[in-house]
Amino acid sequence: MSARTRYAGPALLLPALLLAAAAPLLEADPLQQSLAASLTPPGQAWLLGTDELGRSLLARLAHATYVSAGVGLLCVAVAWGCGVALGVAAAWRGGWPEGLVLRAADTLMAIPGLLLTLIVAGLLGGGIGVLVLGIALAQLPHAVRMSRALAAGVLARPFVQAARLVGLSSAAILVRDVLPLVLPQLLTQAALAVASAVLTIAALGFLGIGIHPPTPEWGMMIAEGTPYLAEAPWVVLAPASLLVLSVLGLVLLADTPP
Amino acid sequence: MGGLIAGAFARLLQLGVMMFAVATLCFAALHALPGDKALQLAIARHGEDIGDAAIERARRDAGFDRPVVVQFADWIGGLARLELGHSLLSRKPVAAELEPRLWVTLRIGGLAIALGFVLALPFGLWAGLRRGGAVDSAVAAAAALFSATPAFLVGLLLVMLFAIQFRWLPAAGHATAAHVVLPIATLALGFAAPLARVTRQAVAEAWSAFPVTFGRLKGLSPARAGLRHGVRNAAIPVVMLAGLRFAAVLEGFVVVETLFNIPGLGELLVRALIARDIPVVQGAALLFGLIYGVIGLALDAACTALDPRRRLRLVPA
């Protein structure tokens, strides 16, 4: 990784971070319609133009960024919090509980992740809580497998055996010896998981399953702009470019050595 | 061989447990639907003008008066006999709804995956043999860009270019062969980008590894040494990744069929979810799971066939 690409990840994330930070400061209401100004091109009155209902695209985009980032982080916190706890505990305990946890994780992976999220979120009726549950369920097996493999590698090393011989408690060994070694790699995976969660939220928003309108969300904004692609491409291009930049930024960030 | 059969058995068991979970979720969702199902059934049979007797008869006929546990056992038992029930919307058997759509999805998916290989393998091979060259940089950039661009955006950009700007191809529908060009291209590009990158990596490693060096030492030309000793070693990671990416292609169906308005399985699943037509949701989900499971099994077999170390259990499966 050269010095040139080192800052590429954070730089690509900057537009989304600025927008999310500006969201509470913006005066324009993302739900305020002005039908007379429907599909106004970007310009003086509206910095990024308006959508088909004459809502400010800048305000919608800022709030959508807030929603995507928040929900994405929440999904990863839930999935990886539970997954790392389960994975490390399984590696520590060994034997049949470890086998059981791993088989359960494999079973969750027997259906492609997006389909699992789609079915869970769709059947349970949508909304943010259900969406988080669906995405977390799809990410959980990866978190479990990854953290178990990393923890098992550390637990086999001599200093852990030494710590056991000295008589340290399991909690102390896990917190002092195991976690510091596995956390950096897990954080890399978590950055990729946020990227994948953001993509899933957008895909479900695009399909109309997930976060309910009129709460703005990137995928939903893209779907709403699709019928006006010929006359008002900016309605689609603004959320689309923000989505691609942010996900690319997260992927590059995960690639960057600390 | 023993390892392959044990692996296949484990896969089938996991698939079975997952399908049971999906069926349970669907059963629960069906029972949580508002409204008296016996009344709905009676109206479907006799029209709006019905008495209490007709409703009670419908309730008994459909078994809605039995305990929930018995109804659940009946639901799962029906699945075991491949009875998927009837659509709540069209009243047609779920199997009849699924069947024509399965062929649409399989045809588009098969063509997309074939096109993906045709795109990925030559570029990946070229990039791997000429590392640091222009093709290598282009493959790396394309793989990074496509990893961040969801299928619905790739599709939308293709529509903007080829349907709106140049007016070469129709934007949506499924009437003629021209209609499926953009959906197939969308799925194929998303499949090809990571595949080209892994092909590049696999070729670079296999060509600098011992077998190809040995081929050169015994007097083969670089091309022949690569063909005889490189291709097979490079193929293993490519096949494994292709298998992993099949999941992404399956997920892509849901989005791409909805975007292009193609009457396939994915579009059916999304429509049924939005309309809460739960028997159809269950049927489509189980069928997707089955396709994924079969692909996984085929992949295990392909990797074992390609890699003698796996057959001889020299590496863990």
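Now for a description of the structure that goes with this document. Just so it is clear, the model here is predicted, and its values are computed rather than measured. (Residues numbered from 1 in each chain as written. Chains lettered and ligands numbered in written order. Predicted model: local features only at pLDDT ≥ 70, side-chain atom pairs only at ≥ 80, totals over all residues.)

### A few points about the overall build of chain B
Right, on to step 1. Scanning chain B from N- to C-terminus turns up 13 helices and 0 strands.
Right, on to step 2. A burial count over chain B gives 37% of its 317 residues as buried.
Right, on to step 3. The contacts in chain B between residues at least 6 apart in sequence include a share of 68% that link residues at least 24 apart. (Helix = DSSP H or I, 4+ residues; strand = E, 2+ residues; numbered from the N terminus. Buried ≥ 20, exposed ≤ 12 C-beta atoms within 10 Å, placed from the backbone. Contact = placed C-beta atoms within 7 Å.)

### A short note on the interface of chain B and chain A
Right, on to step 1. Every contact between the two is made by 34 residues of chain B and, on the other side, 29 residues of chain A.
Right, on to step 2. Top contributing element to the side of chain B that touches chain A by residue count: helix α1 (residues 2-32) of chain B, with 8 residues.
Right, on to step 3. A class-by-class count of the residues in the side of chain B that touches chain A yields 27 nonpolar, 6 polar and 1 charged. (Nonpolar A, V, L, I, M, F, W, Y, C, P; charged D, E, K, R; others polar.)

### A word on the nonpolar core
Right, on to step 1. One finds Leu115(A), Leu269(B), Val281(B) and Ala284(B) to be the most contacted residues of the largest nonpolar core, which totals 157 residues.
Right, on to step 2. For this core, the leading source of residues is helix α3 (residues 57-93) of chain A, giving 18 residues.
Right, on to step 3. For Leu269(B), the contacting residues outside a window of four places in its chain are Val254(B), Val281(B), Ala284(B) and Ala285(B). (Core = buried A, V, L, I, M, F, W, Y, C linked by C-beta atoms within 7 Å.)

### A closer look at unusual backbone geometry
Residue and element names in this part refer to chain B.
Right, on to step 1. One non-glycine residue, Asn261, adopts positive backbone phi at about 60°.
Right, on to step 2. Tracing the backbone through its elements, the reader meets Asn261 in the loop between α10 (222-260) and α11 (265-275).
Right, on to step 3. Owing to 13 C-beta atoms within 10 Å, Asn261 belongs among the partly exposed residues under this scheme.

### A look at helix α9 (residues 218-225) of chain A
Right, on to step 1. Most of α9(A) sits inside the fold, with 8 of its 8 residues counted as buried.
Right, on to step 2. By the burial criterion, the buried members of α9(A) are Trp218(A), Gly219(A), Met220(A), Met221(A), Ile222(A), Ala223(A), Glu224(A) and Gly225(A).
Right, on to step 3. Contacts from the buried residues of α9(A) go to α3, α8 (170-207) and α10 (234-255) of chain A together with α7 (151-165) of chain B.

### A closer look at the packing of helix α5 (residues 113-123) of chain A against helix α6 (residues 128-155) of chain A
All names here are of chain A.
Right, on to step 1. The interhelical angle for the contact between α5 and α6, taken along N-to-C directions, is 150°, at an axis separation of 8 Å. Regarding the angle of α5 to α6, the classification is roughly antiparallel. In this structure, the crossing between α5 and α6 has a hand that is right-handed. Along the contact surface, α5 presents Gly113, Leu116, Thr117, Val120 and Ala121, while α6 presents Val130, Leu131, Leu133, Gly134, Ile135, Leu137 and Ala138.
Right, on to step 2. Of the residues assigned to the contact of α5 with α6, the class counts are 9 nonpolar, 3 polar and no charged. (Axes fitted to C-alpha atoms, helices over the stretch in contact; angles between N-to-C directions. Parallel < 35°, antiparallel > 145°, perpendicular 65-115°, else oblique. Left-handed = near helix turned anticlockwise from the far one by under 90°.)

### Topic: the environment of Val159(B)
Right, on to step 1. Here Val159(B) shows up in helix α7.
Right, on to step 2. When the C-alpha positions of Val159(B) and Ala171(B) are compared, they lie 5.8 Å apart, and in sequence the two are 12 residues distant.
Right, on to step 3. Filtering out sequence-adjacent residues up to four positions away, Val159(B) remains in contact with Leu229(A), Ile164(B), Ala171(B) and Leu182(B).

### A short note on helix α4 (residues 95-108) of chain A
Residues and elements named next belong to chain A.
Right, on to step 1. Counted at 1.5 Å a residue, the expected span for α4 with its 14 residues is 20 Å, and the 21 Å between its end C-alpha atoms agrees.
Right, on to step 2. Listing the buried residues of α4 in full gives Val101, Ala105 and Leu108. On an axial view of α4, the arc spanned by its buried residues comes to 60°, and they lie on one face. Opposite the buried face of α4, by more than 90 degrees, sit the exposed residues Gly95, Trp96, Gly99 and Leu100.
Right, on to step 3. Contact partners of the buried residues in α4: α3 and α6. (Expected span 1.5 Å × (residues − 1). Arc of directions from axis to C-beta.)

### Overview of the environment of Arg271(B)
All names here are of chain B.
Right, on to step 1. Locating Arg271 in the fold gives a position in helix α11.
Right, on to step 2. Exposure remark for Arg271: the 18 C-beta atoms within 10 Å place this residue in the partly exposed category.
Right, on to step 3. Considered as a pair, Arg271 and Gly128 are 143 residues apart in the sequence and their alpha carbons are 43 Å apart.

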